[in-house]
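# Descriptive analysis of the structure
Letter by letter, the chains look like this.
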Amino acid sequence: MGSSQDTRKTFADLASWYCAIVILCLILLASIRESSTLPADVDDAVSSSATVGVGRSRLLDRPCDEIYVVGEGETLHTISDKCGDPFIVERNPHIHDPDDVFPGLVIKIISTNLKR
């Protein structure tokens, strides 16, 4: 009976390592694919700009969807200006302090801009 348990444990260890490697490969492939699918104008701006402005060019090109994820360096004011929604705080009751906005925060946007 001890041998059967050892075999199961070994198999479980191998399966978990296999899953970990597969997940790692998928994450790596996704990040490579994302960086290779930049639009030509953003790609040119990234390659020709200084390192200070690199993240800024991709940030400004993000669309204003109804569900918006706040990016690094964004404020409610900049999002409001970019998307044309002056009522972000009123439409998002989970935002208690408009100055406490962080990357990854999900907000609802109703854009009034015709051009996105």
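For clarity, every value in this text was computed on a predicted model and none was experimentally measured. (Residues numbered from 1 in each chain as written. Predicted model: local features only at pLDDT ≥ 70, side-chain atom pairs only at ≥ 80, totals over all residues. Heavy atoms only, no water.)

## Structural notes on the overall build of the chain
Defined as follows: By the criteria applied, helices consist of DSSP H or I runs no shorter than four residues and strands consist of E runs no shorter than two, each listed in order from the N terminus. Partly exposed describes any residue whose relative accessible area lies between the buried limit of under 20% and the exposed limit of over 50%, with all areas from a 1.4 Å probe on protein chains only and scaled to the type maximum. Two residues qualify as a contact provided that any one of their heavy atoms is within 4.5 Å of a heavy atom in the partner residue. Method for areas: the Shrake-Rupley scheme with a 1.4 Å probe, in which residue coverage is limited to the protein chains shown.
The helix and strand inventory of the chain stands at 5 helices and 2 strands. The order of helices and strands in the chain, counted from the N terminus, is α-α-α-β-α-α-β. Counting only residues that meet the buried cut, the chain has 18% of its 116 residues in that class. Relative to all contacts within the chain whose residues are 6 or more apart in sequence, the contacts with residues 24 or more apart total 46%. Accessible surface, the chain as shown: approximately 9,000 Å² in total, 62% of it carbon and sulfur.

## A closer look at the environment of Pro-103
Tracing the chain through its elements places Pro-103 in the loop between α5 (88–91) and β2 (106–108). When the C-alpha positions of Pro-103 and Val-69 are compared, they lie 7.4 Å apart, and in sequence the two are 34 residues distant.

## Considering a nonpolar patch on the surface
Inclusion rule: Residues forming no salt bridge and having over 30% relative accessible area are the ones grouped into patches, like charges within 9 Å of each other and nonpolar side chains (Val, Leu, Ile, Met, Phe, Trp, Tyr) within 5 Å. Put simply, a salt bridge is a Lys or Arg side-chain nitrogen that is within 4 Å of an Asp or Glu carboxyl oxygen.
Together, Tyr-18, Val-22, Leu-26 and Leu-29 make up a nonpolar patch on the protein surface, roughly 430 Å² of accessible area in all. You can see Tyr-18 is positioned in helix α1 (residues 2–36).

## Some thoughts on the UniProt feature "transmembrane region" (unreviewed entry) in the chain
Let me state the cut-off plainly: UniProt positions are given in the numbering used here, feature names are shortened, and annotations may be inferred rather than shown by experiment.
Those places that UniProt annotates as "transmembrane region" (unreviewed entry) correspond, in this numbering, to residues 15–32. Taken end to end, residues 15–32 is 100% helix and 0% strand, and its two terminal C-alpha atoms sit 26 Å from one another.

## Thoughts on helix α4 (residues 76–83)
The periodicity of an α-helix, 3.6 residues per turn, causes residues three or four positions apart to be oriented the same way. What counts is decided by this rule: Taken from the helix axis, the directions to the C-beta atoms give the arc we talk about.
Residues of α4 that are buried include every one of Leu-76, Ile-79, Ser-80 and Cys-83, and no others. Taken end-on, α4 shows its buried residues confined to a sector of 100°, consistent with a single buried face. Turned more than 90 degrees away from the buried face of α4, the exposed residues are His-77 and Asp-81. Of the surrounding secondary structure, the elements contacted by the buried residues of α4 are β1 (67–69), α5 and β2. Of the residues flanking the end of α4, it is Gly-84, one or two places downstream, whose phi is positive at about 75°.

## What to know about the pattern of salt bridges
As enumerated under the stated definition, the model contains 2 salt bridges in all. Across the pair Glu-74 and Lys-82 runs a salt bridge whose closest N-O atoms are separated by 3.3 Å. For Glu-74, a relative accessible area of 9% gives the class buried. Relative accessible area serves as the criterion here: at 21%, Lys-82 is assigned to the partly exposed category. Between Asp-85 and Arg-91 there is a salt bridge, and its shortest N-O distance comes to 2.3 Å. On the basis of relative accessible area, Asp-85 is assigned to the buried category, the value being 0%. The class for Arg-91 is partly exposed, based on a relative accessible area of 30%.

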